[in-house]
Amino acid sequence: MRAIFIAKAGGPEVLELRDAEQPAPAEGEILVRVHAAGVNRADVLQRMGKYPAPPGVPADIPGLEYAGEVTALGAGVTRWKADDRVMGLVAGGAYAEYVVTHEDTALAIPRGWSYDAAGAVPEVFLTAYDALIRQVHLAAGDVVLIHAVGSGVGTAALQIAKAFGATVIGTSRSATKLKNALPLGLDVAVDTSRERFGDAVARATAGRGVDVVVDLIGGALWSETLGTLAPRGRLILIGLTAGRSAEVDLGVILGKRLSIVGTTLRARPLAEKIALTADFARDVLPLLAGERLRPIVDRVFPMAEAAEAHRRMEADAHFGKLVLNWA
């Protein structure tokens with residue numbers, strides 16, 4: 001098979017299209033012919049040598065999500081059959097023509113969907129659903145602040161929050177991305193290149209603050225982010241695009257009785273991933289199939305142009321998801 005390899009740690013130019021050995025499914029696994037794979041910040045970090053793959057996962061083939069068709073079954077597989085159209089998360093290796101995955105971590109692609117659309121779903125929608133619903137227990141009537149609302153996770157979190165009855169305040173440094181987010185249900189758009197988001201949140205909530213923050217940025221802005229939370233507010237930390245370090249007043253956390261949760265999907269045990277997939281199939285997949293939620297695809301690149309996709313992501317020029325395909 002063909003795959004995109006990380007030749008060495010470095011810039012996008014280190015991504016190379018090469019031949020690789022095709023994997024074989026073990027017991028309980030399926031072999032999927034990949035038609036499309038989403039691009040994620042984790043792929044960029046892995047390429048730079050800052051986010052190594054977990055044990056047992058290809059160290060030099062990036063890719064955390066796939067959409068394709070089942071081509072072979074491992075022993076004991078009962079959920080799927082050959083030619084079934086599936087999508088899902090893997091811990092790595094999705095920038096390849098074939099990938100193996102446990103049968104219980106695969107999801108059925110909604111009828112009529114393209115592989116490109118399906119390739120834009122797993123990482124961002126599973127992440128957003130797990131964060132908002134399973135971890136910080138979003139409730140109807142909550143006010144949610146979503147940082148980087150124009151990102152892949154941001155656009156998914158926005159749609160899920162609205163579907164579950166929340167009001168959403170979203171931030172971005174791009175007026176264009178904020179404009180594009182309005183049709184997805186964004187209630188309050190905050191252009192952080194023009195004003196402090198803390199001031200905008202105070203104004204939008206009459207000084208009360210928000211119930212939930214979806215934080216994709218971290219860094220030096222974390223103190224301001226904590227300040228936007230209402231008493232007993234909940235913060236879910238998903239990304240660190242603004243940096244790993246922050247100076248904060250811990251008294252704010254104590255005084256407001258805040259709950260802070262950190263999350264990542266890649267290194268979770270298989271049992272946790274299976275449970276998440278089952279919950280997602282029950283709660284969110286019907287909303288996707290019924291088009292109440294939809295993947296936001298910024299641009300699709302041929303797999304051989306993975307380096308260009310990474311450059312677009314690093315330039316922060318995209319709204320929603322970037323997708324690679326084998327067309």
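See above for the structure.
Residues numbered from 1 in each chain as written. Predicted model: local features only at pLDDT ≥ 70, side-chain atom pairs only at ≥ 80, totals over all residues. Heavy atoms only, no water.

A. Representation of helix 3 (residues 122-135). Among the 14 residues that make up helix 3, 12 are buried, leaving the element largely enclosed by the rest of the structure. Residues of helix 3 that are buried include every one of Pro122, Glu123, Val124, Phe125, Leu126, Thr127, Ala128, Tyr129, Asp130, Ala131, Leu132 and Ile133, and no others. Looking one or two residues beyond helix 3, the residue adopting positive phi is His137, at roughly 55°. (Buried < 20%, exposed > 50% of the residue type's maximum accessible area, 1.4 Å probe, protein only. Helix = DSSP H or I, 4+ residues; strand = E, 2+ residues; numbered from the N terminus.)

B. Fine view of the pairing of strand 4 (residues 65-73). Bridge count for strand 3 (residues 29-39) against strand 4 is six bridges, and the pairing is antiparallel. Across the sheet, residue Leu31 finds its bridge partner in strand 4, namely Ala72. Taken together, the five bridges between strand 4 and strand 5 (residues 85-89) define a ladder with antiparallel strand orientation. Looking at strand 5, one finds that Ala67 is bridged to Met87. (Pairing = 2+ DSSP bridges.)

C. Quick look at the side chain of Lys177. For Lys177, the location among the structural elements is in helix 5 (residues 175-181). Exposure remark for Lys177: the relative accessible area of 10% places this residue in the buried category. Not counting the four nearest positions on each side in its chain, Lys177 is found in contact with Gly150, Ser172, Asp316, His318 and Phe319. (Contact = heavy atoms within 4.5 Å.)

D. View of the packing of helix 3 against helix 4 (residues 152-163). Following both chains from N to C, one finds helix 3 and helix 4 inclined at 50°, their axes separated by 8 Å at the closest point. Judged by the inter-axis angle, helix 3 sits oblique to helix 4. Crossing of helix 3 against helix 4: the hand is right-handed. Facing Val124, Phe125, Thr127, Ala128, Tyr129, Leu132 and Ile133 of helix 3, the residues of helix 4 in contact are Gly152, Val153, Ala156, Ala157, Gln159, Ile160 and Ala161. (Axes fitted to C-alpha atoms, helices over the stretch in contact; angles between N-to-C directions. Parallel < 35°, antiparallel > 145°, perpendicular 65-115°, else oblique. Left-handed = near helix turned anticlockwise from the far one by under 90°.)

E. A look at the nonpolar core. Within the largest apolar cluster, 52 residues are counted, with the highest numbers of intra-cluster contacts made by Phe125, Leu132, Phe280 and Leu288. In terms of residue count, the dominant contributor to this core is helix 3 (eight residues). Formed by 34 residues, the second largest nonpolar core is a distinct cluster that contains Ile6, Val14, Val86 and Ala309. (Core = buried A, V, L, I, M, F, W, Y, C linked by side-chain atoms within 4.5 Å.)

F. View of the packing of helix 3 against helix 9 (residues 270-283). Look at helix 3 against helix 9: their axes get within 10 Å of each other, and the N-to-C directions meet at 90°. Viewed along their axes, helix 3 and helix 9 adopt a mutual orientation that is roughly perpendicular. Each of Phe125, Leu126, Tyr129, Asp130 and Arg134 in helix 3 lies in contact with helix 9, whose residues at this interface are Ala275, Leu276, Asp279, Phe280, Arg282 and Asp283. Within the contact of helix 3 with helix 9, the residues separate by chemical class into six nonpolar, no polar and five charged. (Nonpolar A, V, L, I, M, F, W, Y, C, P; charged D, E, K, R; others polar.)

G. Structural detail: the environment of Trp326. Checked against the element boundaries, Trp326 lands in the segment after strand 15 (321-325). When the C-alpha atoms of Trp326 and Arg2 are compared, they prove to be 9.7 Å apart, with 324 residues separating the residues in sequence. When near neighbours in sequence (up to four residues on either side) are disregarded, Trp326 contacts Arg2, Ala3, Leu17, Val34, His35, Tyr95, Ala96, Glu97 and Met303. For Trp326, the side chain forms a polar contact with the main-chain oxygen of Ala96, separated by 3.1 Å. (Polar contact = N/O pair within 3.5 Å; in protein donor to acceptor, adjacent residues only side chain to side chain.)

H. Up close: unusual backbone geometry. Of note, Ala206 is a non-glycine position whose phi angle comes to about 55°, a positive value. With respect to the element layout, Ala206 can be found in the loop between helix 6 (197-204) and strand 11 (210-215). Residue classification places Ala206 among the exposed residues on the basis of a relative accessible area of 76%. The phi torsion at Arg232 lies on the positive side, around 65°, for a residue other than glycine. In this structure Arg232 comes out as exposed when scored by relative accessible area, which is 55%.

I. Up close: empty space enclosed by the protein. Under the defined criterion, the tally for this structure stands at two cavities of 30 Å³ or more. The calculated volume of the largest cavity comes to roughly 80 Å³. Of the residues assigned to the lining of the largest cavity, the class counts are six nonpolar, no polar and four charged. Approximately 50 Å³ is the volume found for the second largest cavity. If you trace the second largest cavity, you find it lined by Leu89, Thr105, Leu126, Lys273, Leu276 and Thr277. Per element, the largest residue contribution to the lining of the second largest cavity is three residues, and it comes from helix 9. Here the lining of the second largest cavity is built from residues that sort into three nonpolar, two polar and one charged. (1 Å grid on protein atoms, 1.4 Å probe; cavity = no way out; pocket = protein on both sides within 12 Å on 5 of 7 lines; lining within 4 Å. Points joined across faces, edges and corners; volume = space filled by probe spheres on them.)

J. Expanded view of the sheet that holds strand 10 (residues 188-191). The six strands lie next to each other as 10-9-8-11-12-13, forming an open sheet whose pairing is parallel. The open sheet is flanked by strand 10 and strand 13 (259-262), the only strands paired with a single partner. Averaged over all adjacent pairs, the angle separating strand axes in this sheet is 15°, with direction ignored. Sheet analysis places strand 8 (residues 143-146) next to strand 11, joined by three bridges and oriented parallel. Across the sheet, Val144 pairs through a bridge with Val212, a residue of strand 11.

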